[in-house]
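Structural features, examined
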Amino acid sequence: MLFKYCIHCRRHIRVGRLHNPHAWIARVRTLAQIGGQLFDVRKFCGAQVAQGFFDFSDRHAAKLAHAYHPSNPQFIP
Amino acid sequence: MKTRRQFLGQASCAAVSSIPILSTLLNLRLAGSVAAVTAPAAGQYRALVCIFQSGGNDSFNMLTPYSGASSTAASAFAEYTASRSDLALGQAQLTEIHPTNTPGRTFGVHGGMPQLAALFESGNAAFVANVGTLIEPVLNRTQVAQATKRLPLGLYSHSDQIEQWQTSVPHSRSGVGWAGKMADLIKSLNATQTVSMNISTDGSNVWQTGVTDAEYAVDPGNDNDPTGGAVALSGYAQDYAANPFVDATSGAIDSQLALAYTNLLQQTFQKKRRSARDAYALYSTATAGALPGNVVFPNTGVGRQLRQIAKAIAGRTALGAVRQTFFVNRGGWDHHSNTLALQAAMLPEIDAALGAFWTQLGLLGVQPNVTIFSASDFGRTLTSNSQGSDHAWGGNAYVVGGSVLGRKIYGSYPSLAVNPDSGAEVNPLDTGRGRLIPTTSCDQFFAEMALWLGVPASSLPLILPNIGNFYAGSGAPLGFLA
C-alpha cells in the first residue's frame, strides 16, 4: 500500500495505482468548479479517486480533462 | 471544544431540522441574552457580503488619525506621520470623519473613498479597528517574543492568513470556512437548496466551503460583457431551441446525467453536474429581471461582482432564500512598493462600486437587511521599506449596512508609535517595524455578524472554535449591529 502526502488534501492519502498523485489530484482540483458547483475531490480517498480516474480516462492522463468535460459525449465510460 | 464527530453530527441534524425547531432555538437565545445582536424574525431576509481585499491592504492608510491625542502622543496625526514617513498621507488627502465614540479625536478616511466616508458620517458605516487573527488575547510584544501565548500559524504569510480570515481557525490548517459552517447550520431556513445559500462571484473560496455545503459560483461578467450570471454546463441549453447541435448536445448530457455509477467519486461528479444544471435554470430565471433605478455600476471587477450580487438579492424570493452570503474578491493589495499611488488607484474602485451597490440596495428596499464587510490577509508595517510596506498583523476593516450602528469605530484604534531599535519601549503592541498585535480578534468581528445572520449563540463555538477566549456568550461581541 502506497501512502503519500497530498498538498491539496493536506494529509496522507492512499494512492493505489497512481504514480503521481499530486499531478492527478491537481488536475482534478482545477476542474473543481462544474457549472458553478464545487466538486471537492479532497473528500475522496485515493483509491476512489484512482478507480474513478481509470474508469473514466482509460489510464491516459492527457485525456482526463477532455473526458471530464461535460460537453464530451465520450464522457460515458 | 467539540470533536469533529460531534460537529458533523450537529451539522447534519441542523441541516435536516425543521424551521420551527431552529426558530425555537433562536428565541431561546434571545430570551437568555440582553442587548445582543437582534436575531432575524422568522422569514426575514438577511445577507452578508464579504469584500476580500487579498494581498494585505495597508489599512492604516485607509483609516488614519486626523485630530486629537493618542495614548502615546499629544498629536495622533503627527505620530502617524512620523511612523509612516514617506507613506504618510497629508490631511488634504484624507476625508475627516467624526466618530461619536472617540471623544476628542477625529479620524481620516483615505481620500479615494469619499462614499465610504459619507456612509460613515450618515451612520450607515463603521470601522473595526486593529482586528486580526488571534487564538487567545495577546497583550504585548513580550508575550509574542517569549511565546507565552499561542500565536496563529504562519503569521505574516499570505496563504495562511487568507485561510485564517476565512476559516477563523488560526491554530490549525483547515479548508472549511466560517460562512460554510454557517450554511451547514442554517441553510435549512431557505426554502430550497438548489442554489446554495453561499454565492461567490470569485469562484471557489474557503470562506464559503462548509462540511456539507459549498458555494455556488456565478460569473460576474467581464470588461466586454458585464452581464454575467449563472454558469451553464458547457454545450447545455435548457430550452431545446431550434439549434440542432444544442439540442443533440443537451440530449447527450441529459442521457449521461441519467446514468448510475457504482464508484463514489463518479456518483458525486454526476450529482454535481445535475445540481449545476438545476441551479443554472433557477438562478437564470430568478435573476432575469432588470434591476430597478438604472443604477450605473462601474465596469470594474468589484463593480461587476456587486452588480451580480444585487441581482441575486433582487431574485431572492425566486431563489427561496431568506439567508445568503456573498463573496467578492479584489486582489493586488500586496503593495511592497509604490503604496501611495497604488492605493490611490485601487481604493476608489472599491468605493465607487460600494456606493453604487448601496444605492441599489436602497432601491431594492433591503439596506437594513444586508451587511457588507471588508477583510484582508493582514495589516501592513507602519514603517516604510522605501515607498512600500510589508506584511504585518492587525488592520482596520469597514462595515456598511442599514443595521450597522454607524459613525463609530469599534474595538480600539491603537497607538501608531513604533518602538525604536534600541531604548525604551513606547508601544507594547508593536512587535517590530509597526507590526501591531490585534486588539480585536477576527472571532469577535465574525461572531457579531454570525449572530446577526441568525446563528444561535450556543452554536458559535462550532463556527468560531476560539470564540470562548474573547466572548462570554451574552450581549453583543462588539456591538456594531443592531
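As a reminder, the structure under discussion sits directly above these lines.
Per chain, the residues get numbers from 1 upward, laid out in the order the sequence is written. Each chain gets a letter, beginning with A, and each ligand a number, beginning with 1, in the order they are written. Totals for whole chains, interfaces and linings use all residues, but because this is a predicted model, local features are given only for residues with pLDDT of at least 70 and pairs of side-chain atoms are given and counted only at 80 or more. Calculation of side-chain values draws on the structure's entire complement of heavy atoms; hydrogens and water are dropped beforehand.

We now examine the overall build of chain A. When you go through chain A residue by residue, the secondary structure sums to three helices and four strands. For chain A, the succession of helices and strands along the chain, N to C, is β-β-α-β-β-α-α. Using a 1.4 Å probe on the protein chains alone, a residue whose accessible area is under 20% of its type maximum counts as buried, one over 50% counts as exposed, and one in between counts as partly exposed. Residue burial in chain A is summarised as follows: out of 77 residues, 43% are buried. Any pair of residues with heavy atoms lying within 4.5 Å of one another is described as a contacting pair. Here the contacts in chain A between residues at least 6 apart in sequence split such that 34% fall between residues at least 24 apart. Residue exposure ignores everything except the shown protein chains as possible cover, and the areas themselves are Shrake-Rupley values with a 1.4 Å probe. As displayed, chain A has an accessible area near 4100 Å², and 54% of this comes from carbon and sulfur atoms. Starting at the N terminus, helices and strands are each numbered in turn, a helix being any DSSP run of H or I of at least four residues and a strand any DSSP run of E of at least two.

Turning to empty space enclosed by the protein, a few remarks are in order. Over the atoms rolls a probe the size of a water molecule, and in doing so it shows where empty space is left. Residues and elements named next belong to chain B. Lining residues are defined by having an atom within 4 Å of a point belonging to a cavity or pocket. Those points lie on a 1 Å grid over the protein atoms alone, cavities being sets where a 1.4 Å probe fits but cannot get out and pockets being open sets with protein on both sides within 12 Å along at least five of seven lines. Grid points are joined across faces, edges and corners, and a volume is the space filled by probe spheres set on the points. One pass over the full model with this rule turns up three cavities of 30 Å³ or more. If you add up the space inside the largest cavity, you get close to 110 Å³. Along its surface, the largest cavity is lined by 16 residues, and Ser 59, Ala 375, Ser 376, Gly 395 and Asn 396 are the ones closest to its centre. When residues of the lining of the largest cavity are traced back to their parent elements, those giving at least two are β9 (370-376) and β10 (395-401).

Residue and element names in this part refer to chain B. Here three strands make up an open sheet; going across it, the order is β2-β4-β3 and the pairing antiparallel. Here the strands that pair on one side only, and so sit at the sheet edges, are β2 (63-67) and β3 (94-97). The mean angle between the axes of side-by-side strands here comes to 40°, regardless of whether they run parallel or antiparallel. Strands are labelled as partners when DSSP assigns at least two bridges between them. When β2 meets strand β4 (residues 106-110), the two strands line up antiparallel, connected through four bridges. Within β4, the position partnered with Thr 64 by the bridge is Gly 108. The angle between two axes is taken between their N-to-C directions and runs from 0 to 180 degrees, where each axis is a line fitted to C-alpha atoms and a helix contributes only its stretch in contact. Where helix α4 (residues 114-121) meets the sheet, it contacts β3 and β4, and its direction lies at approximately 5° from that of β3.

The next subject is the packing of α4(B) against helix α12 (residues 339-364) of chain B. Residues and elements named next belong to chain B. Running from N to C, α4 and α12 cross one another at 45°; their axes reach a closest spacing of 7 Å. Relative to α12, α4 is oriented oblique. Packed against α4, whose contacting residues are Pro 114, Gln 115, Leu 116 and Leu 119, the element α12 presents Asp 351, Ala 352, Leu 354, Gly 355 and Trp 358 at the interface. Any residue outside Ala, Val, Leu, Ile, Met, Phe, Trp, Tyr, Cys, Pro, Asp, Glu, Lys and Arg is labelled polar, Gly included; the first ten of those are nonpolar and the last four are charged. Class assignment of the residues belonging to the contact of α4 with α12 gives a composition of six nonpolar, two polar and one charged. Each angle receives one of four descriptions, namely roughly parallel if under 35 degrees, roughly antiparallel if over 145, roughly perpendicular if within 65 to 115, and oblique otherwise.

A word on the packing of aromatic side chains. Residues and elements named next belong to chain B. Classification of ring pairs rests on two measures: the distance between centres of Phe, Tyr or Trp rings, Trp counted by its six-membered ring, which must be within 6.5 Å, and the angle between planes, read as stacked under 30 degrees, edge-to-face over 60 and tilted in between. Across all of its chains, the model carries 18 aromatic pairs over all chains by this definition. Seen from their ring centres, Phe 52 and Phe 327 are 6.3 Å apart, and the 40° between their planes marks the pair as tilted. With Phe 52 in strand β1 (residues 46-53) and Phe 327 in strand β8 (residues 323-330), this residue pair connects regions lying 275 residues apart in the sequence. Summarising the burial analysis for this pair, Phe 52 and Phe 327 share the class buried. Pairing Trp 178 with Trp 207 gives two aromatic rings, centres 5.4 Å apart and planes at 70°, and the pair type is edge-to-face. Placement of Trp 178 in helix α7 (residues 178-186) and of Trp 207 in the loop between β6 (198-200) and β7 (216-217) is noted, with a sequence separation of 29 residues between them. Residue classification places Trp 207 among the buried residues on the basis of a relative accessible area of 1%. Grouping aromatic residues by their ring pairs yields a cluster made of Phe 52, Trp 165, Trp 178, Trp 207, Phe 327, Phe 373, Tyr 410, Phe 445, Phe 446 and Phe 480. Above the face of the Tyr 45 ring, Arg 316 is positioned so that its terminal group lies 5.0 Å from the ring centre. Any Lys NZ or Arg CZ that is within 6 Å of a ring centre and within 35 degrees of that ring's normal is treated as a charge sitting over the ring. Against the face of Tyr 156 rests Arg 435, its NZ or CZ located 4.7 Å from the ring centre.

Once that is clear, we can look at α7(B). Burial analysis of α7(B) places nine of its nine residues in the buried class, which makes it a mostly covered element. All of the buried residues in α7(B) are Trp178(B), Ala179(B), Gly180(B), Lys181(B), Met182(B), Ala183(B), Asp184(B), Leu185(B) and Ile186(B).

Quick look at the state of the cysteines now. All names here are of chain B. Cysteine sulfur atoms that come within 2.5 Å of each other are treated as a disulfide pair. Under the defined criterion, the tally for this structure stands at zero disulfides over all chains. Its sulfur unpaired, Cys 50 is 11 Å from the next cysteine sulfur, which belongs to Cys 442. The class of Cys 442 is buried, set by a relative accessible area of 3%.

All names here are of chain B. The element β10 is extensively covered by neighbouring structure, given that seven of its seven residues are classed as buried. Going residue by residue along β10, you find Gly 395, Ala 397, Val 399 and Gly 401 tucked away on one face and Asn 396, Tyr 398 and Val 400 tucked away on the opposite face as well. Of the strand pairs in this sheet, β9 and β10 are connected by three bridges, and their pairing is antiparallel. Bridged to Ile 372 within β10 is Val 400.

All names here are of chain B. Running from N to C, helix α10 (residues 301-314) and α12 point in directions that differ by 15°, and their axes come no closer than 8 Å. Relative to α12, α10 is oriented roughly parallel. The way α10 lies across α12 gives a crossing that is right-handed. Together, Gly 301, Val 302, Gly 303, Leu 306, Ile 309, Ala 310, Ile 313 and Ala 314 of α10 and Glu 349, Ile 350, Ala 353, Leu 354, Phe 357, Gln 360, Leu 361 and Leu 364 of α12 make up the contact between the two elements. For the contact of α10 with α12, the class distribution of residues is twelve nonpolar, three polar and one charged. By definition, turning the near helix anticlockwise from the far helix through less than a right angle yields a left-handed crossing, and turning it clockwise yields a right-handed one.

A few words on the side chain of Asn205(B). Residues and elements named next belong to chain B. Mapped onto the elements of the fold, Asn 205 is located in the loop between β6 and β7. A relative accessible area of 7% places Asn 205 in the buried class. Throughout this description, a polar contact denotes any pair of N or O atoms lying within 3.5 Å of each other; where both atoms belong to protein, one of them has to be capable of donating a hydrogen while the other can accept it, and for residues adjacent in sequence the pair is counted only when both atoms sit in side chains. Within the structure, Asn 205 has its side chain in polar contact with the backbone oxygen of Gly 203 (distance 3.5 Å). Dropping the residues within four chain positions of it, Asn 205 is found in contact with Gln 166, Ser 200, Glu 215 and Phe 327.

A few words on the nonpolar core. All names here are of chain B. Only buried Ala, Val, Leu, Ile, Met, Phe, Trp, Tyr and Cys residues count toward a nonpolar core, and they belong to the same one when joined by side-chain atoms within 4.5 Å. Within the largest apolar cluster, 73 residues are counted, with the highest numbers of intra-cluster contacts made by Phe 127, Leu 306, Ile 313, Phe 357, Val 370 and Tyr 398. Per-element accounting of this core gives the leading share, ten residues, to α12. The contacts of Leu 306, once residues within four sequence positions are left out, are Val 49, Ile 51, Phe 297, Val 328, Ala 353, Leu 354 and Phe 357. Counting 45 residues, the second largest nonpolar core, distinct from the first, contains Trp 165, Met 182, Ala 450 and Leu 464.

Glancing now at unusual backbone geometry. Residues and elements named next belong to chain B. If you check the backbone angles, Ser 168 has positive phi at about 55° while not being a glycine. Residue placement: Ser 168 occurs in the loop between α6 (158-167) and α7. On the accessibility criterion, Ser 168 (2% relative accessible area) is buried. Positive phi outside glycine occurs at Gln 387, with the angle close to 70°. Among the structural elements, Gln 387 can be located in the loop between β9 and β10.

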